[in-house]
Amino acid sequence: MPAVLEVRDLTKVFHRGSLLARDRIVAVDNVSFQMNRGGIFTLAGESGCGKTTLARMILGFEQPTAGKIIYAQGPEKEKQKVWFSQRIQCIFQNPFETFNPLRKVEGYLFETVRNYGLAKNKTEAKELINSKLEAVGLSYEEVEGRYPSEFSGGQLQRISIARSLLVDPSLLIADEPVSMVDASIRMSIVNLFRRLQDELNMGILYITHDLATAYYLSGQIAIMFRGNIMEMGPVQEVLMHPRHPYTQLLRDSIPEADPAKKWQGRISIAATEQEEYLREGCKFAGRCPHVMEICKQQAPETVDVDGVHVKCHLYLGTQRLAREVRKRTV
Ligand SMILES: Nc1ncnc2c1ncn2[C@@H]1O[C@H](COP(=O)(O)OP(=O)(O)OP(=O)(O)O)[C@@H](O)[C@H]1O
Ligand SMILES: [Mg+2]
């Protein structure tokens with residue numbers, strides 16, 4: 001499967017506070033991964049670990065401080081920019097924020113068709129819109145003439161997925177697409193992602209707090225903590241046999257997405273979050289049940305443990321030990 005996106009040593013630094021007491025937060029710290037077409041890649045981790053910042057850089061909304069984002073080759077060099085913006089689509093957390101309450105929903109769909117020149121006339125546009133709405137379990141008739149408030153959150157989220165499908169994206173970035181949708185219809189949206197990825201052969205970058213849907217949906221998963229990918233690999237391996245102490249903790253204490261907390265996150269920052277971001281050594285050292293002296297002083301390298309990338313001194317130790325044992329026996 002060809003890579004649809006590769007992220008190499010991507011870093012984003014934010015400065016916060018007053019000029020005299022400025023904190024340097026590395027919201028995304030040297031992150032690398034690769035995504036294939038036709039696969040679902042999950043970015044998981046608790047609030048404030050850098051998931052949205054990473055997504056915003058991929059979407060071009062935020063300039064990286066360092067590192068590279070390599071998109072799949074478009075058809076022609078000069079058309080690349082248009083091609084990218086068209087081919088990478090995004091679904092946000094709150095569908096009610098995506099749509100203006102005073103504007104009919106169909107207006108958004110026609111606007112996208114117009115912006116990208118996807119149809120020759122209104123009839124053709126309607127047909128295209130209807131086909132994409134059908135792909136998400138709705139129809140043009142159900143949407144025509146209605147305002148956002150006349151839909152449920154789940155329906156609106158489907159409509160925003162239909163809108164992104166209009167341009168045949170090769171990559172869909174879904175940032176917490178179900179965390180504000182009723183639990184009862186969450187699974188139907190998650191299933192929709194699964195089906196779309198199967199049928200349309202696009203890559204999906206699924207961003208979530210929720211390890212249960214991540215497990216169900218994804219092929220590969222990256223667990224982030226304070227800007228770092230702590231563990232990354234096949235979802236079955238990472239979630240069923242977590243190597244990193246943080247993944248173990250996260251799995252055992254699956255935190256719920258809390259919409260109220262999100263607002264706080266934007267304005268102020270929890271003391272521990274700030275402390276952890278500014279910490280020398282491993283960012284998780286303050287909470288880690290296996291913490292060692294070295295963890296407090298030195299950030300661990302990422303090592304490959306049976307095909308899973310783990311950023312933890314525990315495994316650096318075993319690798320070193322294994323090397324030494326090998327040396328001794330040779
Ligand atoms: N524009 C900004 N200026 C300063 N700090 C920022 C900015 N955007 C994000 N941050 C900080 O960067 C860190 C990562 O934030 P980000 O929104 O990427 O986290 P997240 O994993 O998406 O969290 P959530 O799960 O709550 O959505 C946080 O500490 C956040 O406060
Ligand atoms: Mg976020």
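Structure shown above.
Remember, it's a predicted structure, so these values are computed and weren't measured experimentally.

Trainee: Got a minute to help me understand the packing of helix 7 (residues 153-165) against helix 8 (residues 183-200) in this structure?
Mentor: Any two packed helices are characterised by how steeply their axes cross, that is the angle between the axes, and by the distance between the axes. Between helix 7 and helix 8, the shortest axis-to-axis distance is 10 Å and the interhelical angle comes to 15 degrees. One way to sum up the angle between helix 7 and helix 8 is to call them roughly parallel. Handedness of the crossing formed by helix 7 with helix 8: right-handed. Across the interface between the two elements, Gly154, Gln157, Arg158, Ile161 and Leu165 from helix 7 touch Ile185, Ser188, Ile189, Leu192, Phe193, Leu196 and Leu200 from helix 8. For the contact of helix 7 with helix 8, the per-class residue count stands at eight nonpolar, three polar and one charged.

Trainee: What exactly am I supposed to notice about the pairing of strand 10 (residues 302-305) here?
Mentor: Burial along strand 10 is one-sided: the face carrying Val303 and Val305 is buried and the face carrying Thr302 and Asp304 is not. The sheet contact formed by strand 10 and strand 11 (residues 308-311) spans four bridges and is antiparallel. Considered in strand 11, the bridge of Val305 is made with Val308. Where strand 10 folds back on strand 11, the antiparallel hairpin that results is connected by two residues, among which Asp306 adopts a positive phi of roughly 50 degrees.

Trainee: I'm lost on the pairing of strand 5 (residues 88-91) in this one. Help?
Mentor: Side-chain alternation along strand 5 places Ile88 and Cys90 on one buried face and Gln89 and Ile91 on a second face that is also buried. Pairing analysis gives four bridges linking strand 5 to strand 6 (residues 171-175), with the strands arranged parallel. In the sheet register, Cys90 faces strand 6, and the bridge partner there is Ile173.

Trainee: Just checking my understanding: could you explain the sheet that holds strand 10 for this structure?
Mentor: The strands making up a sheet are joined through hydrogen bonds of the backbone, oriented either antiparallel or parallel. Here eight strands make up an open sheet; going across it, the order is 5-6-7-3-8-9-11-10 and the pairing mixed. Because the sheet does not close on itself, it has two edges, and the strands there are strand 5 and strand 10. Taken over all neighbouring pairs, the strand axes of this sheet differ in orientation by 20 degrees on average, direction set aside. Where strand 8 (residues 220-225) lies against strand 9 (residues 228-234), six bridges are found, and the strand directions are antiparallel. Bridge pairing links Gln220 to Pro234 in strand 9.

Trainee: I tried to follow the sheet that holds strand 1 (residues 3-16) on my own but got confused; where do I start?
Mentor: With respect to topology, three strands assemble into an open sheet ordered 2-1-4, the strand pairing being antiparallel. Strand pairing shows two members of the sheet lacking a second neighbour, strand 2 (23-36) and strand 4 (66-71), which therefore form its edges. Within the sheet, the average angular offset between the axes of one strand and its neighbour, ignoring direction, is 15 degrees. As paired strands, strand 1 and strand 2 are joined by 10 bridges and run antiparallel to one another.

Trainee: How should I be thinking about the side chain of Glu46 in this particular structure?
Mentor: Within the fold, Glu46 resides in the loop between strand 3 (40-44) and helix 1 (51-58). Classification of Glu46 as buried rests on a relative accessible area of 17%. In this structure the side chain of Glu46 is engaged in a polar contact, spanning 2.7 Å, whose partner is the side chain of Tyr246. Dropping the residues within four chain positions of it, Glu46 is found in contact with Lys51, His209, Phe225, Arg226, Tyr246 and Arg287.

Trainee: Can you walk me through the packing of aromatic side chains in this structure?
Mentor: A full pass over the atoms with the stated rule returns seven aromatic pairs. Arranged with centres 6.1 Å apart and planes meeting at 85 degrees, the rings of Phe110 and Tyr140 form a pair that is edge-to-face. Of this pair, Phe110 sits in helix 4 (residues 105-115) while Tyr140 is found in helix 6 (residues 140-143), placing the two residues 30 residues apart along the sequence. Owing to a relative accessible area of 12%, Phe110 belongs among the buried residues under this scheme. Aromatic pair Phe225 and Phe284: ring centres 5.3 Å apart, planes at 80 degrees, arrangement edge-to-face. With a gap of 59 residues between them, Phe225 in strand 8 and Phe284 in the loop between helix 13 (271-278) and helix 14 (293-297) connect regions that are remote in the sequence. Each of the two residues, Phe225 as well as Phe284, counts as buried. Following the ring pairs from residue to residue traces out a cluster consisting of Phe225, Tyr246 and Phe284. Here the basic side chain of Lys122 rests over the ring of Phe110, its NZ or CZ set 4.9 Å away from the ring centre. The ring of Phe151 carries Arg146 above its face, with NZ or CZ at 4.3 Å from the centroid.

What counts as what
- Residues numbered from 1 in each chain as written.
- Chains lettered and ligands numbered in written order.
- Predicted model: local features only at pLDDT ≥ 70, side-chain atom pairs only at ≥ 80, totals over all residues.
- Heavy atoms only, no water.
- Axes fitted to C-alpha atoms, helices over the stretch in contact; angles between N-to-C directions.
- Helix = DSSP H or I, 4+ residues; strand = E, 2+ residues; numbered from the N terminus.
- Parallel < 35°, antiparallel > 145°, perpendicular 65-115°, else oblique.
- Left-handed = near helix turned anticlockwise from the far one by under 90°.
- Contact = heavy atoms within 4.5 Å.
- Nonpolar A, V, L, I, M, F, W, Y, C, P; charged D, E, K, R; others polar.
- Buried < 20%, exposed > 50% of the residue type's maximum accessible area, 1.4 Å probe, protein only.
- Pairing = 2+ DSSP bridges.
- Polar contact = N/O pair within 3.5 Å; in protein donor to acceptor, adjacent residues only side chain to side chain.
- Phe/Tyr/Trp six-rings, centres within 6.5 Å; stacked < 30°, edge-to-face > 60°.
- Lys NZ or Arg CZ within 6 Å of the ring centre and 35° of its normal.

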